[in-house]
Amino acid sequence: MANEIDKTLAAEEIAPVIEPGHTYASITDKISAIVLTRPTPRLWYLGFALSFLLVLLLLVSCTYLLVVGVGIWGINIPVAWGFAIVNFVWWIGIGHAGTLISAILLLMRQKWRQSINRFAEAMTLFAVMCAGLFPLLHLGRPWYFYWLFPYPSTMGVQPQFRSPLVWDVFAVSTYFTVSFLFWYVGLIPDLATLRDRARKRFPRFAYGMLAMGWRGSAIHWHRYETAYLLLAGLATPLVVSVHTVVSFDFTIGLVPGWHSTIFPPYFVAGAIYSGFAMVLTLAIPLRKMYGLEDFITLRHLKNMGEVMLATGMIVAYGYMMEGFTSWYSGNPFERYLMFARMRGPYHYMFWALLVFNVLIPQALWILRVRTSPLALFIIAICVNIGMWLERYVIVVVSLARDFLPSSWGMYSGTMWDYAVFTGTIGLFLTLMFVFVRLLPMISIFEMRGLLHDETEN
Amino acid sequence: MAQIFHRSTNTLSRVSIFGGLGLVVALVAAAAAINRAPYLTDVRVARAQPVQFSHKHHVSDDGIDCRYCHTSVERSAFAGIPSTKICMNCHSQIWADSPMLEPIRESFRTGRSIEWTRVHNLPGFVYFDHSIHVNKGVGCATCHGRVDQMPLMSRENTLYMEWCLECHRAPERFVRPREEVFNMNWRAEDQLALGRKLVSAYKIQKLTSCSVCHH
Amino acid sequence: MSDDPKGEIHSLDLAGLRKRLEGLAGERYWRGLEELAGNDAFEELLRKEFPQQTSAWANGLDRRDFLKLMGASLALAGLGGCGRAAPPDEKIVPYVKQPEGWVPGKPLFYATAFTHNGAATGLLVRSHEGRPVKIEGNPAHPDSLGATDAFAQASILTLYDPDRSQVVSSGGAISTWNAFFTALDGEIEGQRLNGGTGLRILTEHVISPTLADQLRSILARFPRAKWHQYEPAGRDSVRAGARLAFGEYVAPQYRFDAADVIVALDADFLSCGGASLRWAREFAARRRVRGGKGEMSRLYAIESTPTTTGSVADHRLPLRPSEISLFAGALAGRLGPSANEARKSPATGSAQWLEAVARDLQNHRGRSIVIAGDAAPPFVHASAHAINQALGNVGITISYTQPVEAEPVDGIESLRELVKDIEAGQVSVLMIIGGNPVFTAPADIRFDRLLSRVAFSVHLSLYDDETSASCRWHVPEAHYLEAWSDTRASNGTATIVQPLIAPLYGGKSAHELLSAVRGQPGRPGYEIVRDYWQRQSRGDFESFWRKSLHDGVIEGTAFAAKAVKAKPVSSPESQAGNSPATNKNAETRESLEIIFRPDPTIFDGRFANNGWLQELPKPLTKITWDNAVLVSPATAERLGLTPKIGTTGGERGRVFADMVELTYAGRKIRAPAWIAPGHADGAATVYLGYGRARAGRVGTGTGFNMYTLRTADAPWQSAGLVIQKTEAQYAIACTQYHHNMEGRDLVRSAALEEYRKHPDFARDKDHPAETLYPGFQYAGYAWGMAIDTSACIGCNACVIACQAENNIPVVGKTEVTRGREMHWLRIDRYYKGDPNNPETFHQPLPCMHCEQAPCEIVCPVGATTHSDEGLNEMTYNRCVGTRYCSNNCPYKVRRFNFLQYSDFETPSLKLLHNPNVTVRSRGVMEKCTYCVQRINAARIDAEKDDRRVRDGEIRTACQAACPAEAIVFGDINDRSSNVAKLKADSLNYGLLTELNTRPRTTYLATVRNPNPDLKKT
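Not measured: the values here are computed from a predicted model. (Residues numbered from 1 in each chain as written. Chains lettered and ligands numbered in written order. Predicted model: local features only at pLDDT ≥ 70, side-chain atom pairs only at ≥ 80, totals over all residues. Heavy atoms only, no water.)

Attention now goes to the sheet that holds strand β3 (residues 119-128) of chain C. Residue and element names in this part refer to chain C. Ordered in space as β2-β3-β4, the three strands form an open sheet in which the pairing is antiparallel. Each edge of the sheet is formed by a strand with only one pairing partner; in this case those strands are β2 (108-116) and β4 (131-137). In this sheet, adjacent strand axes meet at a mean angle of 35 degrees when their direction is disregarded. As defined by bridge partners, β3 adjoins β4 across six bridges and the pair is classed as antiparallel. If you follow L123 over to β4, its bridge partner there is G137. (Pairing = 2+ DSSP bridges. Helix = DSSP H or I, 4+ residues; strand = E, 2+ residues; numbered from the N terminus. Axes fitted to C-alpha atoms, helices over the stretch in contact; angles between N-to-C directions.)

Okay, the interface of chain C and chain A next. Each side of the interface is counted separately: chain C has 59 residues, and chain A has 57 residues. Where chain C abuts chain A, roughly 4700 Å² becomes buried across the two surfaces, and 57% of that area is made up of carbon and sulfur atoms. Across the chain C-chain A interface, the total number found is two salt bridges. The residue E651 of chain C makes a salt bridge to R401 of chain A at a minimum N-O spacing of 2.5 Å. Linking chain C to chain A there are 37 residue pairs in polar contact (both at pLDDT 80 or more). Counting residues per element, the ones that place at least two in the side of chain C that touches chain A are β31 (826-832), α28 (854-858), α29 (884-887) and β35 (895-896) of chain C. With four residues, α28 of chain C is the single largest residue contributor to the side of chain C that touches chain A. Looking at the side of chain C that touches chain A, its residues break down into 24 nonpolar, 19 polar and 16 charged. (Contact = heavy atoms within 4.5 Å. Buried area = accessible area lost by both parts, 1.4 Å probe. Salt bridge = Lys/Arg side-chain N within 4 Å of Asp/Glu carboxyl O. Polar contact = N/O pair within 3.5 Å; in protein donor to acceptor, adjacent residues only side chain to side chain. Nonpolar A, V, L, I, M, F, W, Y, C, P; charged D, E, K, R; others polar.)

All names here are of chain C. Among the secondary structure elements, H823 is positioned in the loop between α27 (813-817) and β31. By relative accessible area, which is 4% here, H823 ends up buried. Reaching out from H823, the side chain makes a polar contact with the side chain of Q803 at a distance of 3.4 Å. Once residues lying within four places of it in the same chain are set aside, the contact partners of H823 are E615, L616, P617, V799, Q803, I808 and R895. (Buried < 20%, exposed > 50% of the residue type's maximum accessible area, 1.4 Å probe, protein only.)

Turning next to the interface of chain A and chain B. The partner chain B presents 15 residues to the 15 residues of chain A that form the contact. Between chain A and chain B the total buried area reaches about 1300 Å² when both faces are included, carbon and sulfur atoms providing 64% of it. Where chain A packs against chain B, one counts zero salt bridges. At the surface where chain A touches chain B, the tally comes to four residue pairs in polar contact (both at pLDDT 80 or more). With five residues, helix α8 (residues 201-211) of chain A is the single largest residue contributor to the side of chain A that touches chain B. Residues belonging to the side of chain A that touches chain B are distributed by class as follows: six nonpolar, five polar and four charged.

Next up on the list: the confidence of the model for chain C. Residues and elements named next belong to chain C. On average, chain C scores 86 in pLDDT, and the residues at 70 or more come to 87%. For the stretch residues 1-87, pLDDT sits under 50, and the model shows 154 contacts to residues farther than four places along the chain or on other chains. Residue range residues 574-588 is modelled with pLDDT below 50. Its contacts to residues more than four positions away, or to other chains, number 33 contacts. Both confidence scores are given for the complex: pTM 0.89, ipTM 0.92. (pLDDT = per-residue confidence, 0-100.)

Residues and elements named next belong to chain C. Spatially, three strands are ordered β9-β14-β20 in an open sheet, and the strand pairing comes out antiparallel. The sheet is open, and its two borders are formed by β9 (251-254) and β20 (561-562), each paired with just one other strand. Two elements, strand β14 (residues 398-401) and β20, share two bridges in a ladder whose sense is antiparallel. Residue pairing in the sheet places T401 in a bridge with A561 of β20.

Bridging between β9 of chain C and β14 of chain C involves four bridges; their strand directions are antiparallel. Paired with Y254 of chain C across the strands is I398 of chain C, a residue of β14 of chain C.

With that settled, consider the packing of helix α9 (residues 218-251) of chain A against helix α10 (residues 263-289) of chain A. All names here are of chain A. Where α9 meets α10, the closest approach of the two axes is 8 Å, and the angle between their N-to-C directions is 125 degrees. Compared by their axis directions, α9 and α10 come out oblique. Note on packing geometry: the crossing formed by α9 with α10 is right-handed. Contact residues: α9 offers V239, V240, H243, T244, S247, F248, F250 and T251, while α10 offers F263, P264, F267, V268 and A271. Taken together, the residues of the contact of α9 with α10 sort by class into nine nonpolar, four polar and no charged. (Parallel < 35°, antiparallel > 145°, perpendicular 65-115°, else oblique. Left-handed = near helix turned anticlockwise from the far one by under 90°.)

Moving on, we come to unusual backbone geometry. Following I77 of chain A, the chain continues into P78 of chain A via a peptide bond in cis, with omega recorded as 10 degrees. Note on placement: P78 of chain A falls in the loop between α3 (42-68) and α4 (83-94). You will see that Y930 of chain C, though not glycine, has its phi angle at about 60 degrees, which is positive. Mapped onto the elements, Y930 of chain C comes out in the loop between β36 (925-926) and α31 (932-944).

Another aspect to go through is helix α7 (residues 177-193) of chain C. Residues and elements named next belong to chain C. In a regular helix each residue adds 1.5 Å, so 17 residues correspond to 24 Å; α7 covers 24 Å between its end C-alpha atoms and thus fits that length. For α7, the complete set of buried residues consists of W177, F180, F181, L184, I188 and Q191. Mapping the buried residues of α7 onto a view down its axis gives an arc of 90 degrees, with all of them on the same face. Opposite its buried face, α7 presents the exposed residues N178, T182 and L193, each directed more than 90 degrees away. (Expected span 1.5 Å × (residues − 1). Arc of directions from axis to C-beta.)

A word on the pattern of salt bridges. Residues and elements named next belong to chain C. What the rule picks out here adds up to 84 salt bridges over all chains. One salt bridge in this structure joins R694 and D464, with 2.9 Å as the shortest N-O distance. One end of the pair, R694, is in the loop between β27 (683-688) and β28 (717-734); the other, D464, is in the loop between β16 (456-461) and α18 (466-469), with 230 residues separating them in the sequence. Two residues, K547 and E555, come together in a salt bridge whose shortest N-O distance is 3.2 Å. Residue classification places K547 among the partly exposed residues on the basis of a relative accessible area of 39%. With a relative accessible area of 61%, E555 lands in the exposed category. Each of the salt bridges in this network shares a partner with another, and the network as a whole consists of R126, K134, E136, E805 and R934.

Spelled out as structure tokens, the structure:
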């Protein structure tokens, strides 16, 4: 315990939440310059071009998918869900960090959230967009997706509310809406700043429209604070609810390996785990690219590392309990499934996920690792892969080895499975690039507030 | 520096925010309405037919029973479209040389069928059986409307599933005594009371399981 | 129609035609169409009913459009079709004169018969608006008893096969019937002068009385002409065996319901041979035990290749063909009067068997059957006859009658003669009626080469196939559902083959062709057949004719039993012409015995273009779309075979089998090798019929042609096969590779004694279905199904019946390898015990219609729901295709249209669709519905005359087809119903009941009757 405190103190010394020597003006200049004045770095163009190519790949594969049908994927009977659902869960998981950082850490008065919440939220939105694509595309008849919504249909029938998929529709769409509002409201004061600092007419007009007449009057600030706090309160339960509902997609089913009460908590933990991993994966290159080391300091990285370590341990516990319950239940199907995971045709995936999600992140116990951007970056990447594998093992292996041996089968992704997946990654990155180019990726006014607090004490 | 937005834009922004929500609702409502409009459903839209056949004339003026032409309505899923022969049974005698009936005579001469334009049409995945409806006391007029008042045949109802369900969910609101099924201008004084009696009398059941109509 | 040259003739003929139509009184007959089929007047009638098609019918190409219209006219009737909303300007085209006694929208049934493998199966064919769409068995027919086999069920697909030959062709060029008949007349004229010296007719084994009569009269006209018969999978050795035993060819008639002990010597009598359906019915009747009591017959199967019969045997002994001959000899030695066999020691390892079997047979004198298979060497047949006679079975369990073949001959001999004559240049006119000799003739008879030496060769066949290609003329044959004919059941009972539709592709029947040879071209088959029976019948012909057509059997045509005396048989060496021991092929140490068998699903290759049969998993191997070389696990190990499972589809899809090179009698072929548990060691089975070069779009290029190894001297089995493993591997589409139950009590079984001691052994393992919630009360009907696994022989008839009834699409090999086959009903096959001779179980798996269905709660749009009669309903048009229901189905009986599988395009296939079942389009889930369309029809009828549906009034397609009556469907609320009784039986158990799904489909556990004093080898 004691040395834990020493460590944190040490960390404080290593890195404050904002490097000294900054004035309100310098902060504003530095951040708004990225959008308004500074020339766009070459890396940006390169990155944007590459990720946009992937977007084109996505468009191509989606077109082909809609023309020919989901049969272009590797799915079959018994494994009727493949990449699509794996990716959906994966993206949704990633989409958790933003709101968590913004809302929960805000309510917890965590100062270090200030510099990362903005793009974490943006990332959340983009991840949820990518996630949202999959439930749509994986439908046999996507053009009837609206049948999942309650609307005045001429068929005189409504969606079937016992189905977790309907809950998904509501959970995800609510989550997206709230996260979007939260992000947007947070942006308003900065948009106003940009409006006022922009030179050319069009940017001023555009930012002005978005700023919705923000003048920074006391009353504006007052309302803003209330609204932001309310939204934070609203968003907090969603962080937990969304992935809980997503986990219901599996737990409601009686497929061995799905039908388990541990899923909700361990899905949420896993979501935050992968979410933070993704934040790190983005933050580390970004701060390098735009030289934001004094806003996104080692302190931030270290804290995120710690959150990852914590959630990672919860996830590990989840794996352990899965194994234990399947043995303890005495249910032959559950037992066989656990055996199939470890020894079956997909065993390499199972072991790989343990290495990526449990073994490697143990390095985070070491302070030097937690404070080394490179190490964190590598670990974050590992966790991203690991979490994807976890979903693959849950979805595919369980279906491949269910109740009747006669109907056991196997699944493997086709080129189109991979195309759609990488396509969404491209979409995600493209949106990220556009975001950092057009909007302040760090909340200007909150940084100034932070500076104020820092200089006060 | 000068503001590029006039004060009024504040109001604009407020209006557009709340207006936006209203718009969504309005669109859904509009879509729902259009879906049920004759423009899409063809309700009361008369179709051009090779012969300007008037049900009104044949049913109310001549008093011909539905079953004279729609022969299989009590026995089969398909009510049956009269063969040219049935037309000629009368029209070889009356109006034997009316130019209006030339297509009929021509068909009978050459053996080429008359191509009527279909008025009531269900999608292929719906299995409707006339005979059981007729036997359970669903009147022709209940679905086809007052055919005896239609100079030109047109659809009386949308044939949408929600419309089918109106009756399948509450048959007592529509059923009538078997003997009144083909009676065009039958009215119940207290439909609900009678309906409930008939529903139990005719053992009307199995109405809202999907497989009753879809298989 | 003006463009039709024959237009004039029609209109002249018309009056007469109408008279004819009116003349045909009685409900069955208003449909003169069939009778007029092929008759010019038919076209006129057509013009009257389908005016816009008149020109279409005139030329072959547009005929498809005509069919399309018929299909459309159906959709008009609102009776179903393709599931797309119809366009607003849709036309509705009524009759000009509606035929009397016909109710539009009501199907009609016609009695006819399907001839296959030397005997007929009586059928009742359901016809909608003039389109035959479903085949059912004819209960009145001795070889059907209401059941059908997979071949009969699938034959209707062949009728509509768009690849069927549609034009007369001469030397590959399109020609016309007129041109052909002119040419034929010329040749026949020539032959008449020399008494038909050069005239040869090659048919398959003819059992049609009319056809035989025609052929005889032709031979009478042309005294020097010859008639040859050849079939690749013919029953030559049965004939030879009978001759060997009795000196004449007699046909054995078995009664398995009278037999307590059955010994099958390489005999798959439950699914091969003319009467297999009846035999299966009789056999199953003696396998039912209920309520802890009852007697069972006992079946010993001695066979080389695992067969359905072996799979349900109480004892199964895998022996090499040579050993089977020895075994048969030895058994005859013990029991029969035969001379020198007694001391001959049987095959190693089977001594104890011989003892037990002999004793068991002794104890059941007069109540036993020893039956030899169609492919067993004559010697084995002779021994079997001898044993049966010695055991006094003749007259009780066996009787002998005259053969159904009009002129029984040895096919291969007959073919040899023909070949000799051709080589000698004596043949100038060769008429090949049906069959495909070029493809099926033994490899050492190069039939294709020879054909070129015949000046005028004609091939009449359904397809423009290999033989057609090497014949001068090819003329399209009319399918049996398109033409008049007659045929016989295995016991001689004759049936008039009645067409249900005019020839779709202008084909003609063998009768019509031969009548041209007799100088009467264009004589309709109807007259020919009618004329023959007119000569046979005495008394009022019209009523005789009408009754025969109506019943589907002709009274009093069954053969009378013959008294015959079996001669003692001597050793196989001296007698059995092709018994392995005498085979010329040098036996080397690593050499194996080769076994040729007709393929279980496409038979001798004639069904190669039938997608249903191609995609039908072979009864035991579950292979589709291919044939493989079957070897035992031990042999496989010796050959070093290492099959691998593909990652796509896995055990339900792609299995990579090693390609092996077979060397036999100086010929080589490469084919994939498959490990078949229970196969005899030191032998390999190859299936004939695959590797077609000109089968059609479906069949061409599937599998490997094993006829290229087959020789005339050893058509069925021989020694001298050498197998070499190659490095190559071959992807086989297999629907169930995993055959181990993993210790889950899915199929429950017990021996008879065990069952008697402990009648509810099956239920012990059942888990109590408990729930906190009050269950739903099923007030009205409660549909349920019980499947008797001791009766099921895994013959696949139900699978095809289901496919035919429910418009189930064929997906093709690639999709099967991806684990996407669409069969609503599958037959799971499990093995138990020693892989070298395992116990085999079949478990048909339709939808379980769970009362608490896991699939229902997870569907977001309510596309799968529960009816108040307990049906688990699937509403295709509401399905958005999340596939969650399939994931959540513990039985995995749901099938998904991953791509557009159903054929909405091909007009002829549209005609095949059952109008009462929606044709599913891409992206929707589907599954077994308990044939809900039949339930609704029956309920509507019942409610119209205000009664309850009677037990047995509804028969699901699978139930109706099942020869063993293993599937029973009905209302379980009706305590007196058959199904309710079965479900009350102690053998009844549910599958995976521990999941509390409360399946409505339950199983009766397997009970087998092993011989106590014979431990499993």
